[in-house]
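Overview (structure and organization)
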Amino acid sequence: MSGILATSLSGLMAAQRSLATVNHNISNVNTEGYSRQRVQQGTNPAMFTGDGFVGQGVNVSNITRSYDQFVNKQLTSSITAFGDVDRYHQLATHVDNIMADPATGMAPAMKRFFNAVNEVADNPSSIPARQVFLSEAGVAVQSFNTMNSRFEEIRALNNSDIGSMVNDINALAKSIAGLNVQIVSELGKSQGLRQPNDLKDQQDVLLTKLAEIVSVSVIPQKDGSSSVFIGSGQALVLQGTSAEFTTMQAEFDPSKPQIGINTVNGPMDITAQISGGSLAGSLRFRDEVLDPAQQQLGRVAAGLAIEFNAIHEQGYDLNGTAGTALFSFSDDAVPVMQSSKNSGTALVTANFQDARVNPLAAAGLDFSDFKLEYVNAGGGVDYTLTRIRDNKVINLTANDTVPATGVFSLSLAATQPAKFAASAFSMATIISPGTFTPAIADGVVASPRDETLGAFTPAVSGAPAEVFTMNLDGIAFYTKTSALAGESVVKSELDTALATFLADSANAASYQVVSGSFATDNLRLRKLDGTPIVPSFASNFTATPGAFAANTVNIAGAPAVPSTVGPFTLEVDGLQIYTEAAAPGGTVTKAELDTAMDIFLSSGPGAGLYAKTGTFANNDLVLSRLNATTSTLAITSNFSGVGSTAGAFSGVLVGKAVIPAGIDIKVDLTSGKTISVGDQFLTRPTYNAAQKMGVNIDDPRKVAAATNIEIDPVTKLPVSVIKGPMPSDNRNALILANLENKLGMLGGKASFNDAYGQIVSGVGTLTRAAELSSFSQETLLNQAKASRESLAGVNLDEEAANLIRFQQAYQASAQSISVAKSLFDTLIGAVR
């Protein structure tokens, strides 16, 4: 009887456990992360009898949950991937909507602005047109300001979400660690043979929520706990302890929080290790969409200001006063931030270049931030400049002015990193020719030579037929043959003969009587070619042959040297700047070179290729070639001969590359300031340019629509002519209007609208790609959820069937107990 009763009781207990488990499944059908549980049953060991092995009923060996590690890991990965792209897509959509919206975008505002410029060009004397122009300038600036503010709002929201996600990570990690403790404790009660299913499910739910935020790796441990790691192995949860994550301020930018983990030595930056999940999506959005869009918007704003100001400042307003900058920037136009780790006190400043000096200042403007580091590496490498957006590096040399001022400008060093590519930067090369020694053409113009011949002692013949002949430089101009003895040469006759001599045009071209005469013994002759005058005579007057007192040289001229064929020519990189044909006494002056250089840069072959500062006249000319190739300045001259010079420069004729176009960086070490190796500075040329932009003019009369540049009718060169008020002059306004279509951005390949359009299309492309990626990842996530649900989800129909099945089993076992009782009662009755 005991065997039947024991067997029935075991079946009753097994059915009861199964019914309880089914009811548990049904009750948790809507519980997040719940895994369906099953009762595992096994037969009790049979008892051997002479008739064979008699069964002893059923045993509940375990209660397990439906779990597959592969399926669960696939679900976690899908959740992480979807969390990343979905967050990225949501945030990118905000930026895309702002930039592409016709009502709020920059394209309509810039179009209205340039339409207003054209109105001023059509009617330059109209005050209302000028007022509308200033109003539209203000609207355009306000649009830049507003859009940048919207970006800052999105940035603040994203930063807040990043902080909240870090807090959520900490809370989840702490809860997971707490569950580890409970799980290990519960496993210990069964010596590791029975799993605490509900605790395991709770832990999986927490891990899933954590995976939504950041990609994690979960490693099961032998004691039943789960170790959780982030990124490249940074521990988040180990047994019952959890790490504490935090947000930390970036080294240069407080508005760009980084992800850190608290250690005994303070927070450690692990931002680079964050991948997957909504946290990574937020970080990627910031770095790939928000920052570039804001910086590129600032580049358009700065480029517009640089180009427009350069032309407006060259014009003249209604009062005839030189124009001023239309656009301005609040605070420092180009902010520079120093690292909190710097030990030196150097002051680093940066500014936008002037398009009047560098025509490609706007075209070469890069939207990236730049990090300057003092390395003092030797070999002319004083600093390195890193472009943050792609980590391209160039080496720079610090150059002080002469005399030394303690303020250093930076130029390209001879030594460059192995991976340096000039095309990665908008470079320029510079030539500093220094002092120019003017070229003087072959020979010099002869200075006339004046001589006083002195007193003449007349010749007296001693006999008839004697002959006296007087010459000038071997040319006879007087001859007398004596008729009688004692006849003399009369001085007045010499004067008459000289007059007849000079009456000949050939002789008059070489000689002139300056003053005096033979008769008065003070004859002064001038020889125009500057050579000595040699008076002489041939005489056989035997009584007195005649004589002169010694010649007196009054003015001596240099001998003339005939000019040769061939010019003086100045060239840069084979392009002619200036040429002058050889002429006696011709001189190539610094002023002539300056005039020629201005034409070369404005309308000649150097337009758009070169820029300059300084002049030849002031010996401070710096000529820049606006790309990364080396330039050479060359003189070709055949000016040679007495007193001539071919011309020469005292400075550098072969150019060296300088730092990126668009900005100039200077290091100030005056007044005891110092700099140490490793000191770093971050310059942000365009980051907040759209926010800082403003209009500098509020008086419509100050709009510089006129110009005072005219073409000289003689030299055909542009000259500056101050004429006072020119209300009907629209020439400068026309140049300003032409900026709308000028390809002055993105390396000279895009207009302002093109540059803005590229920002919109770039953001749109990223947003569309994120949308497609989000759709794909959502599909994969749904598939992973379906796989888990088919494995671990509760099916009410199935559970209802099981409920009936186990109920029947329970009833059958109960009936077996009743049969055993009846048999036992029968047996007792028989014994009685």
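Residues numbered from 1 in each chain as written. Predicted model: local features only at pLDDT ≥ 70, side-chain atom pairs only at ≥ 80, totals over all residues. Heavy atoms only, no water.

1. Remarks on the packing of aromatic side chains
Inclusion rule: Paired rings are identified among Phe, Tyr and Trp, the last through its six-membered ring, by centres lying within 6.5 Å, and are further divided according to the angle between planes into stacked (under 30 degrees), edge-to-face (over 60) and tilted (the rest). Comment: elements are numbered from the N terminus, with helices defined as DSSP H or I runs of at least four residues and strands as E runs of at least two. Think of it in three bands: residues with accessible area under 20% of the maximum for their type are buried, residues over 50% are exposed, and the middle band is partly exposed, with areas taken using a 1.4 Å probe on protein chains only. Either the NZ atom of lysine or the CZ atom of arginine qualifies as a charge over a ring when it sits within 6 Å of the ring centre and within 35 degrees of the ring normal.
Inspection of every chain in the model, using the stated rule, returns 23 aromatic pairs. Taken together, a centroid distance of 6.2 Å and an interplanar angle of 20 degrees make the contact between Phe477 and Phe518 stacked. With a gap of 41 residues between them, Phe477 in strand β25 (residues 475–481) and Phe518 in the loop between β26 (511–515) and β27 (524–527) connect regions that are remote in the sequence. On the basis of relative accessibility, which here comes to 10%, the residue Phe477 falls in the buried class. You can call Phe518 buried: its relative accessible area is 4%. These aromatic residues form a ring-pair network of at least three members: Phe113, Phe114, Phe133, Phe308, Phe327 and Phe752. Positioned above the aromatic ring of Tyr88 is the side chain of Arg284, whose terminal nitrogen or guanidinium carbon lies 4.2 Å from the ring centre. Over the aromatic face of Phe425 sits the side chain of Arg387, whose NZ or CZ is 4.9 Å from the ring centroid.

2. Side note on empty space enclosed by the protein
Selection rule: Two kinds of site are reported from a 1 Å grid over the protein atoms alone, namely cavities, where a 1.4 Å probe fits but cannot get out, and pockets, open sets with protein on both sides within 12 Å along at least five of seven lines, and residues are called lining when an atom falls within 4 Å of a point. Grid points are joined across faces, edges and corners, and a volume is the space filled by probe spheres set on the points. In this classification, the charged set is Asp, Glu, Lys and Arg, the nonpolar set is Ala, Val, Leu, Ile, Met, Phe, Trp, Tyr, Cys and Pro, and all remaining amino acids, among them Gly, are polar.
Overall, the coordinates contain two cavities of 30 Å³ or more when judged by the stated rule. In this model, the largest cavity occupies a volume close to 60 Å³. Around the largest cavity, the lining residues are Ser35, Ser66, Tyr67, Asp68, Val71, Asn72, Asp204, Arg788, Leu791 and Ala792. For the lining of the largest cavity, the secondary-structure elements that each account for two or more residues are α2 (69–100) and α12 (752–792). The greatest single-element share of the lining of the largest cavity, amounting to three residues, is contributed by α12. The class makeup of the residues in the lining of the largest cavity is four nonpolar, three polar and three charged. The volume enclosed by the second largest cavity comes to roughly 30 Å³. Val117, Val120, Phe133, Val703, Ala733 and Leu736 are the residues that line the second largest cavity. Breaking the lining of the second largest cavity down by element, the ones donating at least two residues are α3 (106–122) and α11 (731–738).

3. Notes on the side chain of Arg65
Looking at the element boundaries, Arg65 is found in strand β4 (residues 58–65). A relative accessible area of 14% means that Arg65 is categorised as buried.

4. A short note on the sheet that holds strand β10 (residues 258–263)
The criterion, for reference: Any two strands between which DSSP finds at least two bridges are classified as paired. To define axes, lines are fitted to C-alpha atoms, for helices over the stretch in contact only, and angles between the resulting N-to-C directions are given on a 0 to 180 degree scale. When checking whether two residues touch, look at their non-hydrogen atoms; a contact exists if any pair is within 4.5 Å.
With respect to topology, three strands assemble into an open sheet ordered β9-β10-β11, the strand pairing being antiparallel. Unpaired on one side and paired on the other, β9 (245–248) and β11 (266–269) mark the two borders of the sheet. This sheet shows a mean twist of 45 degrees between the axes of neighbouring strands, independent of strand direction. Pairing analysis gives four bridges linking β9 to β10, with the strands arranged antiparallel. Paired with Thr246 across the two strands is Gly260, which belongs to β10. Those strands touched by helix α4 (residues 127–189) are β9 and β10, and its axis lies near 160 degrees from that of β9.

5. Looking at the pattern of salt bridges
The following threshold applies: One side-chain nitrogen of Lys or Arg within 4 Å of one carboxyl oxygen of Asp or Glu is enough to make a salt bridge.
Using the criterion set out here, one finds 30 salt bridges in the structure. Across the pair Lys111 and Glu740 runs a salt bridge whose closest N-O atoms are separated by 3.2 Å. With Lys111 in helix α3 and Glu740 in the loop between α11 and α12, the pair connects residues that are 629 residues apart, well separated along the chain. On the accessibility criterion, Glu740 (10% relative accessible area) is buried. Here Asp521 makes a salt bridge to Lys491, at a shortest N to O gap of 2.6 Å. Of this pair, Asp521 sits in the loop between β26 and β27 while Lys491 sits in helix α7 (residues 491–503), and the two are 30 residues apart along the sequence. By sharing partners, the salt bridges in this structure join Glu152, Arg155, Lys256, Arg286, Asp287 and Asp291 into a single network.

6. Quick notes on the confidence of the model for the protein
A low pLDDT score tells you not to read the predicted coordinates there in detail. Put simply, the rule is: Confidence scores here are pLDDT values: one per residue, from the predictor, ranging 0 to 100.
Averaged over all residues, the pLDDT of the protein equals 85, while 93% of them reach at least 70. Predicted confidence in the protein is weakest over strand β30 (residues 552–555), with a mean pLDDT of 55, and strongest over strand β40 (residues 680–683), with 95. The model gives residues 556–560 a pLDDT under 50, and that stretch makes eleven contacts with residues more than four places away or in other chains.

7. Regarding the sheet that holds strand β5 (residues 216–220)
Taken in spatial order, the four strands line up as β5-β6-β7-β8 in an open sheet, and their pairing is antiparallel. Each having just a single partner strand, β5 and β8 (241–242) make up the two edges of the open sheet. The pairing of β5 with strand β6 (residues 226–230) spans five bridges and is classified as antiparallel. Bridge pairing in β6 links Ser217 to Phe229.

8. Observations concerning unusual backbone geometry
A positive phi is found at Asn619, a non-glycine position, where the angle reads about 60 degrees. In this structure, Asn619 sits in the loop between β34 (610–613) and β35 (622–625). Assessed through its relative accessible area of 30%, Asn619 is described here as partly exposed. Of note in this structure, Ser671 is not a glycine but carries a positive phi near 55 degrees. By the element assignment, Ser671 lies in the loop between β39 (663–668) and β40. The exposed category is assigned to Ser671, whose relative accessible area is 76%.

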